[in-house]
Amino acid sequence: MDAIVKNFPVLDDTSDRPTQKEAEEAVRVLLRWAGEDPTREGLRDTPQRVVKSYREIFGGYDLVAEDVLGRTFEEVSGYDDIVLEKDIPFYSHCEHHMVPIIGKAHVAYLPNGRVLGLSKIARAVDIYARRLQTQEAMTAQIARAIDETLAPRGVAVMIEAEHLCMAMRGVKKHGATTLTTTFTGAFKTEPAEQARFMTLLRGFK
Ligand SMILES: Nc1nc2c(ncn2[C@@H]2O[C@H](COP(=O)(O)OP(=O)(O)OP(=O)(O)O)[C@@H](O)[C@H]2O)c(=O)[nH]1
Ligand SMILES: [Zn+2]
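Residue positions are given per chain, counted from 1 along the sequence in the order it is written. Chain letters start at A and ligand numbers start at 1, both assigned in the order the entries are written. Given that this is a predicted model, residues contribute local features only at a pLDDT of at least 70 and side-chain atom pairs are listed and counted only at 80 or more, while totals for whole chains, interfaces and linings are drawn from all residues. As a rule here, side-chain values come from all non-hydrogen atoms in the structure, and water together with hydrogens is ignored.

The test is simple: UniProt positions are given in the numbering used here, feature names are shortened, and annotations may be inferred rather than shown by experiment.
If you look the protein chain up in an unreviewed UniProt entry, it shows as GTP cyclohydrolase 1 from Sinorhizobium sojae CCBAU 05684. Under Sequence similarities (unreviewed entry), UniProt gives the following word-for-word description of the protein chain: "Belongs to the GTP cyclohydrolase I family." Looking at the protein chain in UniProt, the text filed under Catalytic activity (unreviewed entry) is "GTP + H2O = 7,8-dihydroneopterin 3'-triphosphate + formate + H(+)".

### Focus on the packing of helix H2 (residues 20–34) against helix H3 (residues 46–57)
Cut-off, in case you're wondering: The axes are straight lines fitted to the C-alpha atoms, using for helices just the contacting stretch, and the angles between their N-to-C directions are given from 0 to 180°. Each helix corresponds to a stretch of at least 4 residues labelled H or I by DSSP, and each strand to a stretch of at least 2 residues labelled E; elements are numbered beginning at the N terminus. In this scheme the crossing of two helices becomes right-handed for a clockwise turn of the near helix relative to the far one and left-handed for an anticlockwise turn of less than a right angle. Note on contacts: a residue pair qualifies if any of its non-hydrogen atoms lie within 4.5 Å across the two residues. Here the term charged refers only to Asp, Glu, Lys and Arg, the term nonpolar to Ala, Val, Leu, Ile, Met, Phe, Trp, Tyr, Cys and Pro, and the term polar to all other amino acids, Gly among them.
Running from N to C, H2 and H3 cross one another at 115°; their axes reach a closest spacing of 8 Å. By crossing handedness, the relation of H2 to H3 is classed as right-handed. Within the contact between the two elements, H2 uses Gln-20, Ala-23, Glu-24, Val-27, Arg-28 and Leu-31 and H3 uses Thr-46, Pro-47, Gln-48, Val-50, Val-51 and Arg-55. Residue composition of the contact of H2 with H3, grouped by class: six nonpolar, three polar and three charged.

### Things to note about the coordination of the zinc ion (ligand 2)
Geometrically, a metal with four donors at the corners of a regular tetrahedron has ideal angles of 109.5 degrees, and one with six donors at the corners of a regular octahedron has ideal angles of 90 or 180 degrees. The condition is simple: The rule for donors is simple: an N, O or S atom within 2.8 Å of the metal counts, and for Na, K and Ca the reach is 3.2 Å. Water is not among the atoms, so a site may look short of donors.
The coordination sphere of the zinc ion (ligand 2), as far as protein atoms go, consists of Cys-94 (SG), His-97 (ND1) and Cys-165 (SG), spread over 2.0 to 2.4 Å. Considered as a linear motif, the donors of the zinc ion (ligand 2) on their single chain read C-x2-H-x67-C. Of the two residues, His-97 sits in the loop between strand E2 (83–94) and strand E3 (100–110) while Cys-165 sits in helix H7 (residues 164–167), which places them 68 residues apart along the sequence.

### Some points on the nonpolar core
As a reminder, the rule being used: Here, nonpolar core means buried Ala, Val, Leu, Ile, Met, Phe, Trp, Tyr and Cys residues that are tied together by side-chain atoms lying within 4.5 Å of each other. Exposure classes here rest on a 1.4 Å probe applied to the protein chains alone. A residue is buried below 20% of its type maximum, exposed above 50%, and partly exposed in between.
Judged by nonpolar contacts, the single largest core of 33 residues is most densely connected at Phe-90, Val-107 and Ile-142. Elements supplying a minimum of two residues to this core: helix H4 (65–69), E2, E3, strand E4 (115–116), helix H5 (118–129), helix H6 (135–150), strand E6 (154–163) and H7. Ile-82, Leu-110, Phe-183 and Ala-186 belong to the second largest nonpolar core, which has 10 residues in total.

### Quick notes on the pairing of E2
For clarity, the threshold we go by: DSSP-based pairing: two strands are paired if at least 2 bridges between them are found.
Note: E2 against E3, nine bridges, orientation antiparallel. Among the inter-strand pairings, His-93 is bridged to a residue of E3, identified as Pro-100. Taken together, E2 and the strand that follows it, E3, pair antiparallel across an intervening segment of five residues, in which Met-98 is found at a positive phi of about 55°.

### Let's talk about the environment of Glu-85
Relative to the assigned elements, Glu-85 resides in strand E2. For Glu-85, a relative accessible area of 21% translates into the label partly exposed. Residues contacting Glu-85, with those up to four places away along its chain left out, are Ala-105, His-106, Val-107, Leu-118 and Ile-121.

### A short note on the packing of H5 against H6
For clarity, the cut-off: The cut-offs work like this: below 35 degrees is roughly parallel, past 145 is roughly antiparallel, 65 to 115 is roughly perpendicular, and the gaps in between are oblique.
Put simply, H5 and H6 touch, their axes get as near as 10 Å, and they point 140° apart. In terms of their interaxial angle, H5 and H6 are classed as oblique. Where H5 crosses over H6, the handedness of that crossing is right-handed. Facing Val-125, Tyr-128 and Ala-129 of H5, the residues of H6 in contact are Met-138, Gln-141, Ile-142 and Ala-145. Residues belonging to the contact of H5 with H6 are distributed by class as follows: six nonpolar, one polar and no charged.

Below, the structure is given as structure tokens:
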């Protein structure tokens, strides 16, 4: 599992990164390759816009989920039962085709004294979504980041998503959904806890 969970090989030395101008030139090359004229009025600012947009949708490479998840607190009157954040919408891009993956993440954990700010779970989901991904890796990465930062009694992550590389091209199966899960701790070792996670997900759909 370690290979796919490991943080992405984000460039250590930022000087290895192409400049904004080089990235814009790459977009111009793709436009010409597709048969377009990048100098026509409608496309003149497109390379700049694409790079700006990529900066946002691939912004997860510059962020560390563990930093976000590090903000925890324990004043919850002894609450120690399941916390489930469901239907967290996300947009990612598959690493094979760089085409969108559109889905929802459901994330639960069993606290061990400390809890996470609710928004931090969604922020962590976004950090991993805003990288090139496989759904399996993204699921495992979210679970591992929460597991290692919060040290809860267990983490359960389910992702359901549509891969546009399967819908708009290739096999063209629009509407097919992929489900992936990662369980750690009690969710992995105790079937009853895993069943409770599933029931809570189904129960409120
Ligand atoms: N397991 C997994 N596969 C994915 C994911 N996203 C895309 N893929 C698959 O990655 C595979 C890449 O297959 P290749 O044969 O190398 O590429 P391709 O010729 O473009 O394949 P087709 O999509 O079948 O046309 C395809 O089967 C995709 O459906 C993902 O998140 N997880
Ligand atoms: Zn793909």
